[in-house]
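# Residue-level structural notes
Take a look at the letters that make up each chain.
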Amino acid sequence: MHPTRLTAAVAALALSASLATALVGPATAATPQAQPVPPGHGKALALAAADRAASSGLDELRHGADEDLVRTSVTPWANGLYYASYERTYRGLPVVGGDAVVVSDSSGKVREVTGAPAPAIRLSTKATVTADAALATARGQLASVESASTPELTVLLQGGKAVLTWHTLVIGRTAGSAPSSLDTFVDARTGAVARATDKILHADGRGYHNGNVTIDTAATSMTDTSRGGFKCGGQNGSAYTGSSPWGNGSANDLVTACVDIMYAAQKEHSMLKEWFGYNGQNGQGGMVPARAGLGEVNAYYDGTKTTYGHNQNSSMQLTGIDVVAHEYGHEIFDRTPGSSGSSNENGGMNESTGDIFGALTEHYANNPNDTPDYTVGEKLNFTGNNQPIRNMYNPSLINNDPNCYTQLTSGTEVHAGAGPQNHWFYLLAEGSNPGGGKPSSPICSGGPSSVTGIGIQKAGKIFMGALLMKTSSWNHPAARKATLSAAKNTYGSAECNAVKAAWNAVGVPAQSGETDCGGTTTPDFSLALNPSSGSVQPGASVTSTVNTSTTGGSAQTVQLSASGAPSGVTVSFSPASVTSGSSSTMTVQVAAGTANGTYPITVTGTGSATHTVTYQLSVGTTTPPTGCDNTEYTYQGSLTDGAAEAQPDGSYYYSATSGTHVGCLRGPAGADFDLYLQKWNGSTWADVAVGGTATADEDTSYYGTAGYYRYVVHAYSGSGSYTLGLSAP
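## Regarding the overall build of the protein
A count of helical and extended segments in the protein gives 11 helices and 35 strands. For 729 residues, the compact-globule formula gives about 27 Å, and the C-alpha radius of gyration of the protein, at 27 Å, lands near that figure. Judged by the C-alpha coordinates and their principal axes, the protein covers about 80 × 65 × 60 Å. Residues counted as buried form 53% of the 729 residues belonging to the protein. Considering only contacts in the protein between residues 6 or more positions apart, those separated by 24 or more positions represent 66%.

## Thoughts on the environment of asparagine 433
Topologically, asparagine 433 is positioned in the loop between helix H8 (419-430) and helix H9 (456-467). Sequence-wise, asparagine 433 and glycine 552 are 119 residues apart; in three dimensions their C-alpha atoms are separated by 35 Å. In this view, asparagine 433 contacts Ser440 and Val451; residues no more than four positions away in its chain are not counted.

## Quick notes on H9
For H9, which comprises 12 residues, the first-to-last C-alpha distance of 16 Å matches the rise-based estimate of 16 Å (1.5 Å per residue) to within 8%. Counting buried residues along H9, 10 of its 12 residues qualify, which places the element largely inside the surrounding structure. Residues of H9 that are buried: Ile456, Ala459, Gly460, Lys461, Ile462, Phe463, Met464, Gly465, Ala466 and Leu467.

## Some points on the packing of aromatic side chains
All told, the structure shown has 19 aromatic pairs when counted by the stated rule. Ring centres of tryptophan 424 and phenylalanine 463 lie 6.3 Å apart, and the angle between their planes is 50 degrees; on these two criteria the pair is classed as tilted. Of the two residues, tryptophan 424 sits in helix H8 while phenylalanine 463 sits in helix H9, which places them 39 residues apart along the sequence. Taking relative accessible area as the criterion, tryptophan 424 reaches 0% and is therefore assigned buried. Each member of the aromatic cluster is reached from another via a ring pair, and the members are Phe357, Trp424, Phe425, Phe463 and Trp503. Above the plane of the ring of tyrosine 491 lies lysine 458, whose end atom (NZ or CZ) is 5.2 Å from the centre.

## Considering the side chain of threonine 353
Of note, threonine 353 is situated in helix H7 (residues 344-365). Residues in contact with threonine 353, not counting those within four places in the same chain, are Gly329, Phe333, Gln421, Phe463 and Leu467.

## Remarks on the sheet that holds strand S25 (residues 597-606)
Read from one edge to the other, the open sheet built from five strands follows the order S19-S26-S25-S21-S23, with strand pairing classed as mixed. Strands at the two margins of the open sheet, each flanked by one partner only, are strand S19 (533-536) and strand S23 (577-579). In this sheet, neighbouring strand axes are inclined to one another by 30 degrees on average, regardless of whether the strands run parallel or antiparallel. Pairing of strand S21 (residues 557-563) with S25, which is carried by five bridges, proceeds in the antiparallel orientation. Opposite glutamine 559, over in S25, you have threonine 606 as the bridge partner.

## As for the packing of helix H5 (residues 254-276) against H7
At a minimum axis distance of 9 Å, the contact between H5 and H7 shows a crossing angle of 85 degrees. When the interaxial angle is binned, H5 and H7 end up roughly perpendicular. Along the contact surface, H5 presents Tyr263, Ala264, Lys267, Glu268, Ser270, Met271, Leu272, Glu274, Trp275 and Phe276, while H7 presents Phe357, Leu360, Thr361, His363, Tyr364 and Ala365.

## With respect to the pattern of salt bridges
On inspection of all chains with the given rule, the structure shows 16 salt bridges. Put simply, arginine 173 and glutamate 296 hold a salt bridge, and the shortest N to O gap is 2.3 Å. In this pair, arginine 173 sits in strand S8 (residues 161-173) while glutamate 296 sits in the loop between strand S13 (290-291) and strand S14 (299-301), placing the two residues 123 residues apart along the sequence. One salt bridge connects lysine 438 with glutamate 430, and the closest N-O pair in it is separated by 2.9 Å. In this structure glutamate 430 comes out as buried when scored by relative accessible area, which is 12%. Connected through salt bridges with shared partners, the residues Glu146, Asp302 and Lys305 form a single ionic network.

## Side note on the nonpolar core
Ranked by internal contacts, the top residues of the largest apolar core, which has 53 residues, are Phe276, Phe357, Leu360, Trp424, Phe425 and Met464. At seven residues, H9 tops the list of elements feeding residues into this core. Apart from residues lying up to four places away in sequence, leucine 360 is in contact with Met271, Trp275, Phe276, Phe425, Ile456 and Gly460.

## Here we look at the environment of alanine 591
On the secondary structure map, alanine 591 appears in the loop between strand S24 (583-590) and S25. Of the residues examined, alanine 591 reaches a relative accessible area of 35% and is grouped as partly exposed. With 74 residues separating them along the chain, alanine 591 and cysteine 517 place their C-alpha atoms 49 Å apart. Apart from the residues within four sequence positions on either side, alanine 591 is in contact with Pro538, Gly539 and Gly568.

## Details of helix H6 (residues 321-335)
Helix length check: H6, at 15 residues, gives a terminal C-alpha distance of 21 Å against a target of 21 Å (1.5 Å per residue), a fit within 8%. The buried fraction of H6 is high, at 14 of 15 residues.

## Quick look at unusual backbone geometry
Omega for the bond connecting serine 574 with proline 575 falls within 30 degrees of zero, at 0 degrees, which places this linkage in the cis form. Following the sequence through the fold, proline 575 ends up in the loop between strand S22 (569-574) and S23. The backbone of aspartate 59 shows a phi angle near 50 degrees, a positive value even though the residue is not glycine. Mapped onto the fold, aspartate 59 is located in the loop between helix H3 (41-56) and strand S1 (67-76). In this model, asparagine 399 sits at a positive phi of 55 degrees, which is unusual for a non-glycine residue.

## Overview of the sheet that holds strand S35 (residues 720-727)
Strand order in the open sheet formed by four strands is S27-S35-S30-S33, with antiparallel pairing between adjacent strands. Only two strands of the sheet have a single partner each, and these edge strands are strand S27 (633-639) and strand S33 (697-704). Taking each pair of neighbouring strands and ignoring which way they run, the sheet shows an average axis angle of 15 degrees. Of the pairings in the sheet, the one linking strand S30 (residues 659-666) to S35 comprises five bridges and is antiparallel in character.

Cut-off values and rules
Residues numbered from 1 in each chain as written. Predicted model: local features only at pLDDT ≥ 70, side-chain atom pairs only at ≥ 80, totals over all residues. Heavy atoms only, no water. Helix = DSSP H or I, 4+ residues; strand = E, 2+ residues; numbered from the N terminus. Rg over C-alpha atoms; globule rule 2.2 N^0.38 Å. Buried < 20%, exposed > 50% of the residue type's maximum accessible area, 1.4 Å probe, protein only. Contact = heavy atoms within 4.5 Å. Expected span 1.5 Å × (residues − 1). Phe/Tyr/Trp six-rings, centres within 6.5 Å; stacked < 30°, edge-to-face > 60°. Lys NZ or Arg CZ within 6 Å of the ring centre and 35° of its normal. Pairing = 2+ DSSP bridges. Axes fitted to C-alpha atoms, helices over the stretch in contact; angles between N-to-C directions. Parallel < 35°, antiparallel > 145°, perpendicular 65-115°, else oblique. Salt bridge = Lys/Arg side-chain N within 4 Å of Asp/Glu carboxyl O. Core = buried A, V, L, I, M, F, W, Y, C linked by side-chain atoms within 4.5 Å.

Below, the structure is given as structure tokens:
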């Protein structure tokens, strides 16, 4: 250890007020507290509960010994809720499919778990096809290529099987000169294209101007630094330059087109924040750039930008509010958990999402030049008959698009497939007979006699909340379950029943396990294991704590059982049943002669509902895994020379019992990173363990009592990315 290392680090980190403010908010505790609670403790409890559920493989979060669920984003929501999304990995490789979302609250309870179906993954991660060969195959799908990302070795879950692939995004033009953005997976063993999905979702719109409006730009360019560097310009990708006032108000002036684009996109951004508390189209405060002047009758989003052309007779640009907001609605769908799926039904729901955000943005903007409505492109005259291209209150009025879920088939074109969800949204927002000059909306066979709307703002927030529970297997039944959950959690029984009535009205049937809209909370509980895995020699035993919590209604009796143990292994619980909120000790006894190997054991809790978690048992393992692989949770970050940050995720965690806290830091080669474990003492964070060698890698171990803890990673010298593994009692 350098003689001055600890002093320097403390000087950098224990400027406590500034550091605590920067990392987790002001740490204040003027008087002693029996159970001191750091600021922002609700988020820490919620994320700890979500991570425990993921680690334990709760219900749809089940995963094998070589798989992990890595938390990729956290979105705060109403009433102290947090949506935590997880992506699956296999032996360190990303997995496409098998993603999941955990909804938890600030009291540390898991409210909801959704997960895309995932088979057990067992395959070699050795590719026989090179990355260059895979890239050539992917590029060969298009007649001309604008750009292609570096291929990444990825496990693709498809058709109930796992396939080792090279994943790349190829942007360019087809043989027919249509724009294309192919999300491509090339089989890493055969070299064939395993899956290619076009991320470009074409949406024709109307071209018109919004009148004299205010937009946010830099002084000399059409760049909005307050929204993640959002910009608008021509087909070369550069922002238009000049000064305010921008544009000349003419129909085909491209700077004027960018005024319309920026106005609509910024209104949508503000709507997301003010109405829903959501941070921009990409969830991180920004949105992709926009390009005007496409010499085609088209507008599209390709995952990296939005692009806008002209109408059929070239009399105006396709830059109306609903068209622009529709394209950025695709970004919202793409950047929420589960991204964009590959099925036609998923594509139709993606198109519908664009239409819904177009309607929401029109209503929020309330621009007199474009009266808010529930039609798309109504002023474009794209087909020459003065009709919109889609109708949300009665989809069948345009091209006989389906009104009802029962009318969809696997071959329904994606724009037509927007019909059922568009219809549902209108019924939820306005009702079947809203009056006030708003159009009536039909109800599908077998539906209720009428539906009463709850208003577009509430309907939009419920829909946004549901998107935060989306997975890659998203479909109408999943959307029904997610919107019911979002309505009940965000508002209450009345809004939940309105959501249910609207889905019934478009023919999406009730689903097993969907939220009960009753005025009382449905009794339920959750399970978690600590730890969720263990190693033992034949003839010995290992234990784990089965924690339960009451997530709905009153506490209830939960009966515990185990299945899947191999021959020679017995599992017992003490006690065998608990009242939810209590814990039980699980003992796994391994008989002499039991074969070495790794075995998943399913632990089941049975009460008013049934929930499962998975314990990964390793028999005969004598050498612990190298690196940080033997820790329960993994976090990643990046630091510049001299900087510091707290983990997990700029926050801290709560340990309810005494035990050993293990930290494992792996930093960038050639750098010198330090690791500090700190405990909240009621008024400040105090160092309790320090890893301060002159290397990038540090390990700490500390036995401590119950309380709040956090790790601080400090770049003593050098910069780069790091990985932190931690385990806690």
